[in-house]
Number of protein chains: 2
Amino acid sequence: MVRHPLPEEIELTDVLHALSDPIRLRIVRNLAASDEGRCCNGLSVGVSKSTLSHHLKVLREAGVTRTRMSGTQRLVSLREDDLEERLPGLLASVLGAARAAA
Amino acid sequence: MVRHPLPEEIELTDVLHALSDPIRLRIVRNLAASDEGRCCNGLSVGVSKSTLSHHLKVLREAGVTRTRMSGTQRLVSLREDDLEERLPGLLASVLGAARAAA
DNA sequence: CCGGTTGTTCGACCAAGAGCGAACCACCAG
DNA sequence: CTGGTGGTTCGCTCTTGGTCGAACAACCGG
């Protein structure tokens, strides 16, 4: 349905850029706290749905998240495995720092 | 002489944003390969000196680098210790991924 | 004093991107 | 068929930010 980069297409600068936005970082933290992925609606980040869709697209195209269909709605989840392979340790340290800062 | 954030003022999103630019990432990789810091001129990244000055300012104000005088010229170096304290593991994983991608 | 080196700052330009509402699509329940 | 839900896409505005040249400042060497 939508574009996801292959694991080897994940670019460091794209990922860093995706994570450098406070709203997207909140989304990622939110996703990290959920095993099964979240419906877009379950991400209460206080922006309009078009803006949320935009941020999810940025995250998806950077390779940070995966979106899959589940019935009538999309489930968004972190690509922890692919990120760890391409950028080992990065997601963990970002999440750790984000948790500490909060 | 110039503004450097205190260690506790270093913000994750600022650091991620600073590192998400390819030119700044090259500068950081370059600095990581040098013990003593580099004169701005020693950073051959192929931009004009005003642009270089701008990027160094972004890195400095995000807390990624430190600039100190040495005689008549400035020496730029990574704030590895402060970054490790505030954002443990982040710089290492970014540098590791950047090295792997190159 | 007069260049040359090193770097910052300023002003302008232009591209990228965040934000929103509106329109739209796909789907399910009546 | 009609409505509601979940989500994307499309314009549009406005801000951010990368880029450069020019001007400036501080300093050292003749």
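Residues numbered from 1 in each chain as written. Chains lettered and ligands numbered in written order. Predicted model: local features only at pLDDT ≥ 70, side-chain atom pairs only at ≥ 80, totals over all residues. Heavy atoms only, no water.

A few points about helix 2 (residues 22-32) of chain B
Right, on to step 1. Turning to helix 2 of chain B, its buried residues number three or more, namely Arg24, Leu25, Ile27, Val28, Asn30 and Leu31 of chain B.
Right, on to step 2. Measuring from the side-chain oxygen of the N-cap residue of helix 2 of chain B to the backbone nitrogen of Ile23 of chain B gives 2.9 Å; that N-cap residue is Asp21 of chain B. (Buried < 20%, exposed > 50% of the residue type's maximum accessible area, 1.4 Å probe, protein only. Helix = DSSP H or I, 4+ residues; strand = E, 2+ residues; numbered from the N terminus. Polar contact = N/O pair within 3.5 Å; in protein donor to acceptor, adjacent residues only side chain to side chain.)

What about the interface of chain A and chain B?
Many descriptions give the size of an interface as the accessible area lost when the pieces come together.
Right, on to step 1. Each side of the interface is counted separately: chain A has 17 residues, and chain B has 17 residues.
Right, on to step 2. Both faces considered, chain A and chain B share a buried interface measuring about 1,300 Å² in area, 81% of it formed by carbon and sulfur atoms.
Right, on to step 3. Between chain A and chain B we count 0 salt bridges in total.
Right, on to step 4. For the interface between chain A and chain B, the tally reads 0 residue pairs in polar contact (both at pLDDT 80 or more). (Contact = heavy atoms within 4.5 Å. Buried area = accessible area lost by both parts, 1.4 Å probe. Salt bridge = Lys/Arg side-chain N within 4 Å of Asp/Glu carboxyl O.)

Some points on the protein's contact with DNA strand D
Right, on to step 1. As a matter of local geometry, DNA strand D sits amid 18 residues, with Lys49 and Ser53 of chain A together with Thr51, His54 and His55 of chain B nearest to it.
Right, on to step 2. Among the atoms of DNA strand D close to the protein, meaning within 4 Å, 61% are from sugar or phosphate groups.
Right, on to step 3. Here a phosphate oxygen of DNA strand D sits 3.2 Å away from a polar atom, N or O, in the main chain of Arg74 of chain A.
Right, on to step 4. Separating a phosphate oxygen of DNA strand D from a side-chain N or O atom of His55 of chain B is a distance of 2.4 Å.
Right, on to step 5. For the surface near DNA strand D, the elements supplying multiple residues, two or more each, are helix 3 (49-62) and strand 3 (73-78) of chain A together with helix 2 and helix 3 (49-62) of chain B.
Right, on to step 6. A per-element tally of the surface near DNA strand D places helix 3 of chain B first, with 4 residues. (Near = heavy atom within 4 Å.)

Looking at the relation of the copies chain A and chain B
Right, on to step 1. Of the two same-sequence chains, chain A is brought onto chain B (RMSD 0.0 Å, axial shift 0.0 Å) by a rotation of 180°. Here the transformation between the copies is reduced to the relation of a two-fold axis.
Right, on to step 2. Most of the interface of chain A is mirrored in chain B, where 100% of its interface residues are also at the interface. (Least-squares fit on C-alpha atoms with pLDDT ≥ 70 in both.)

So, the sheet that holds strand 1 (residues 38-39) of chain A
The strands making up a sheet are joined through hydrogen bonds of the backbone, oriented either antiparallel or parallel.
Residues and elements named next belong to chain A.
Right, on to step 1. Ordered by their spatial adjacency, 3 strands build an open sheet running 1-3-2, and the pairing between neighbours is antiparallel. Looking at the sheet topology across the chains shown, the edges are occupied by strand 1 and strand 2 (65-70).
Right, on to step 2. Pairing of strand 1 with strand 3, which is carried by 2 bridges, proceeds in the antiparallel orientation. Residue pairing across strands places Arg38 opposite Val76, the latter belonging to strand 3.
Right, on to step 3. Across the sheet, helix 2 (residues 22-32) is in contact with strand 1, strand 2 and strand 3; its angle to strand 3 comes to roughly 90°. (Pairing = 2+ DSSP bridges. Axes fitted to C-alpha atoms, helices over the stretch in contact; angles between N-to-C directions.)

Things to note about the nonpolar core
Right, on to step 1. Ranked by size, the top nonpolar core spans 55 residues in total, and within it Leu12, Val64 and Leu90 of chain A together with Leu12, Val64 and Leu90 of chain B carry the most contacts.
Right, on to step 2. Not counting residues within four places of it along the chain, the set of residues in contact with Leu90 of chain B comprises Leu90, Ser93 and Val94 of chain A together with Leu12, Val15 and Leu16 of chain B. (Core = buried A, V, L, I, M, F, W, Y, C linked by side-chain atoms within 4.5 Å.)

With respect to the confidence of the model for chain A
Right, on to step 1. Here chain A averages 91 in pLDDT, while 94% of its residues score no lower than 70.
Right, on to step 2. No element of chain A has a lower mean pLDDT than strand 1 of chain A, which averages 74, and none a higher one than helix 1 (residues 12-19) of chain A, which averages 98. (pLDDT = per-residue confidence, 0-100.)

Section: the sheet that holds strand 3 (residues 73-78) of chain B
Residue and element names in this part refer to chain B.
Right, on to step 1. The strand order 1-3-2 describes an open sheet built from 3 strands, whose pairing is antiparallel. The sheet terminates laterally at strand 1 (38-39) and strand 2 (65-70), the two strands that pair on one side only.
Right, on to step 2. As defined by bridge partners, strand 2 adjoins strand 3 across 6 bridges and the pair is classed as antiparallel. In the strand pairing of strand 3, Arg66 is matched with Ser77.
Right, on to step 3. This element, helix 2, spans strand 1, strand 2 and strand 3 of the sheet and lies at about 90° to strand 3.

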